[in-house]
Structure formats: C-alpha cells, structure tokens
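# Structure at a glance
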Amino acid sequence: GEQVEQRPPHLSVREGDSAIIICTYTDSATAYFSWYKQEAGAGLQLLMSVLSNVDRKEEQGLTVLLNKKDKRLSLNLTAAHPGDSAVYFCAVSATGYNQGKLIFGQGTKLSIKP
Amino acid sequence: GGIITQTPKFLIGQEGQKLTLKCQQNFNHDTMYWYRQDSGKGLRLIYYSITENDLQKGDLSEGYDASREKKSSFSLTVTSAQKNEMAVFLCASSPLTNSGNTLYFGEGSRLIVV
C-alpha cells in the first residue's frame, strides 16, 4: 500500500525566513495531495490541497509544489511568523472509491524563533 | 459553519477495560473517520464510515470497534485498553466528492491507561 515519508520531523527557523517541508509517496496512482496544520491542543485544519494535474499552487504566503516524476510534494512557507508555529502534515489519497482513505505523513513540528 | 465535537476530551481507564469515545458532527457530512495520533508517527486510520450503518476498517482496526448508528455520530470503542494504546484519537468528517477529500477534524480525545 501507499507509504508516505515526511521530513524533517522538527524544523526551527527565524521569523521572516522561509521553511520547507517535504513528503515523498510511493503510489503513482495517488491523485490528491493536501497539507494540514495542527496547532497545540487542536485538531488538524486544511491549509491547501491540489489534484495531480497541478504542479504548483500559491496562496497567502504558502506554496505547494508537486513533482510527480519524483513522487515528491513540498510545502514552502515564505516569511514565517510566530503564528506559523504548529505541526504540519501532508496527506495523500487516490480519487474514486478510495478517496476517503487519506494517508498522512509523520508530521513536522515547526518552531518560529523571534 | 459546522463543528465536530469529541467527548470526552480526556478518557482515563484501567488496563483491560472497554472504553468508548464519541464524535458528533453537524456538517451533514456523509463520511466520518477515526484516526489515532502517536507522536512521531502521524495519523493512522482506525475505522471510517461512508454512510449511516456503514463501517470500513482502516490500517489499525485490530483491538477497536466502531459504530455509526446515525449520520451525525460515530463512536469508537477500545475493546481492551492497553498501556501502549495511550494516544490522541481524532475524529473527522468529510463531504465525499469526486475531486479530492477535505477532512474536518475535532480537537481530539486523549486516552490514558493506568
């Protein structure tokens, strides 16, 4: 079955710097890619999602890149601020009948230093 | 907007005890999920349900039962609590579509086994 690896597990950057989180996946049939943010003591919230026909998506200081050849998904936070401190998860799935089964990465704890 | 409510927020039980977590959603979503979150391991799917009275096993269903008696609620039972099962359990729901799948999460229930 699908395997998702996320790195790094911990990331610390200075306020105003950029942060990059990467996920790799194994199943070439994967068609839906998403990033979630989990703040302390809370559930996960969707940040951005893309389908497999999209290579790049930018929204509000976040950039998602999808490299289907290398089976790699990345999240780039530009100009990090303290409110970005959280745990970030990638999540992927097939479409169709199995689209309900999101497979999550292991998570990246992002800390923003002043 | 809607909300997902998980109860209780903390569940303390003894080893071998049968323990139940409850989840309610008012999004009117068809699909509901139970995930287990362990530090450093991401989220792992225990059970999901695509409609009332439906149950689908996830990757981690052994040792758990689930019940979806009505569309708005999904409960998870730990059949015999073990100390290595202490984790955060996250409930989610989603409107199943043909173009990807956004999950809406509750805040989680922490299981403590003494």
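For the structure, check the block above.
Source: prediction; values computed, not measured.

### Some remarks on the overall build of chain A
Within chain A, the secondary structure is distributed over 0 helices and 11 strands. Helices and strands in chain A line up, N terminus first, as β-β-β-β-β-β-β-β-β-β-β. Its C-alpha atoms give chain A principal-axis dimensions of roughly 45 × 30 × 20 Å. With 114 residues in all, chain A has 43% of them scored as buried. Partitioning the intrachain contacts of chain A with sequence separation of at least 6 by distance along the chain shows that 54% fall at a separation of at least 24. Of the roughly 5,600 Å² of accessible surface on chain A, 48% is carried by carbon and sulfur atoms. Averaging the coordinates of the 12 positive side-chain charges in chain A and doing the same for the 11 negative ones gives two points 4 Å apart.

### A look at the overall build of chain B
Within chain B, the secondary structure is distributed over 0 helices and 11 strands. The secondary structure elements of chain B, listed N-terminal to C-terminal, are β-β-β-β-β-β-β-β-β-β-β. Computed over the C-alpha atoms, the radius of gyration of chain B is 13 Å, within 12% of the 13 Å expected from 2.2 N^0.38 for a compact globule of 114 residues. The principal-axis extent of the C-alpha atoms belonging to chain B is close to 40 × 30 × 25 Å. Across the 114 residues of chain B, 50% fall into the buried class.

### Focus on the environment of asparagine 53 of chain A
With respect to the helices, strands and loops of the structure, asparagine 53 of chain A is situated in the loop between strand S5 (44-51) and strand S6 (56-59). Along the primary structure asparagine 53 of chain A and alanine 31 of chain A are separated by 22 residues, whereas in three dimensions their C-alpha atoms are 8.3 Å apart.

### Some points on the pattern of salt bridges
According to the stated counting rule, one finds 10 salt bridges over all chains in the structure shown. As a salt-bridge pair, glutamate 59 of chain A and lysine 57 of chain A come within 3.8 Å of each other at their nearest N and O atoms. You can call lysine 57 of chain A partly exposed: its relative accessible area is 27%. Between glutamate 107 of chain B and lysine 9 of chain B there is a salt bridge, with the nearest N and O atoms lying 3.3 Å from each other.

### Side note on the environment of proline 82 of chain A
Residue and element names in this part refer to chain A. Of note, proline 82 is situated in the loop between strand S8 (72-77) and strand S9 (86-93). The exposure class of proline 82 is partly exposed, given its relative accessible area of 47%. Sequence separation between proline 82 and glycine 16 is 66 residues; the distance between their C-alpha atoms is 9.4 Å. Aside from chain neighbours lying at most four places away, what touches proline 82 is Glu15 and Ile112.

### Thoughts on the pairing of strand S1 (residues 4-7) of chain A
All names here are of chain A. Going residue by residue along S1, you find Val4 and Gln6 tucked away on one face and Glu5 and Arg7 left uncovered on the opposite face. Two elements, S1 and strand S3 (residues 19-25), share 4 bridges in a ladder whose sense is antiparallel. In the strand pairing of S3, arginine 7 is matched with isoleucine 22.

### Re the packing of aromatic side chains
All chains considered together, the criterion is met by 11 aromatic pairs over all chains. Ring geometry for tyrosine 36 of chain A against phenylalanine 104 of chain A: centres 5.8 Å apart, planes inclined by 50 degrees, an arrangement best described as tilted. Taken together, the residues tyrosine 36 of chain A in strand S4 (residues 32-38) and phenylalanine 104 of chain A in strand S10 (residues 103-104) connect sequence positions 68 residues apart. Among the residues examined, tyrosine 36 of chain A registers a relative accessible area of 0% and is labelled buried. Within the aromatic cluster, the residues linked to one another by ring pairs are Tyr36, Phe89 and Phe104 of chain A together with Tyr33, Tyr35, Tyr48 and Phe105 of chain B.

### Considerations on the pairing of strand S5 (residues 42-49) of chain B
Residues and elements named next belong to chain B. In terms of burial, S5 is a largely internal element, 7 of the 8 residues being buried. One ladder, built from 7 bridges, connects strand S4 (residues 31-38) with S5; its direction is antiparallel. Bridge assignment links tyrosine 33 to a residue of S5, and that residue is tyrosine 48. Linking S4 to S5, which pair antiparallel, is a turn of 3 residues; within it glycine 40 sits at a positive phi near 80 degrees. Taken together, the 2 bridges between S5 and strand S6 (residues 56-57) define a ladder with antiparallel strand orientation. Each bridged residue has a counterpart across the sheet, and for tyrosine 48 the counterpart in S6 is glutamine 56. The hairpin turn running from S5 into S6, its antiparallel successor, is 6 residues long, and asparagine 53 in that turn takes a positive phi close to 70 degrees.

Reading the values: rules and limits
- Residues numbered from 1 in each chain as written.
- Chains lettered and ligands numbered in written order.
- Predicted model: local features only at pLDDT ≥ 70, side-chain atom pairs only at ≥ 80, totals over all residues.
- Heavy atoms only, no water.
- Helix = DSSP H or I, 4+ residues; strand = E, 2+ residues; numbered from the N terminus.
- Buried < 20%, exposed > 50% of the residue type's maximum accessible area, 1.4 Å probe, protein only.
- Contact = heavy atoms within 4.5 Å.
- Areas by Shrake-Rupley, 256 points an atom, 1.4 Å probe, with all protein chains shown as cover.
- Lys, Arg positive; Asp, Glu negative; His and termini not counted.
- Charge placed at Lys NZ, Arg CZ, Asp CG, Glu CD.
- Rg over C-alpha atoms; globule rule 2.2 N^0.38 Å.
- Salt bridge = Lys/Arg side-chain N within 4 Å of Asp/Glu carboxyl O.
- Pairing = 2+ DSSP bridges.
- Phe/Tyr/Trp six-rings, centres within 6.5 Å; stacked < 30°, edge-to-face > 60°.

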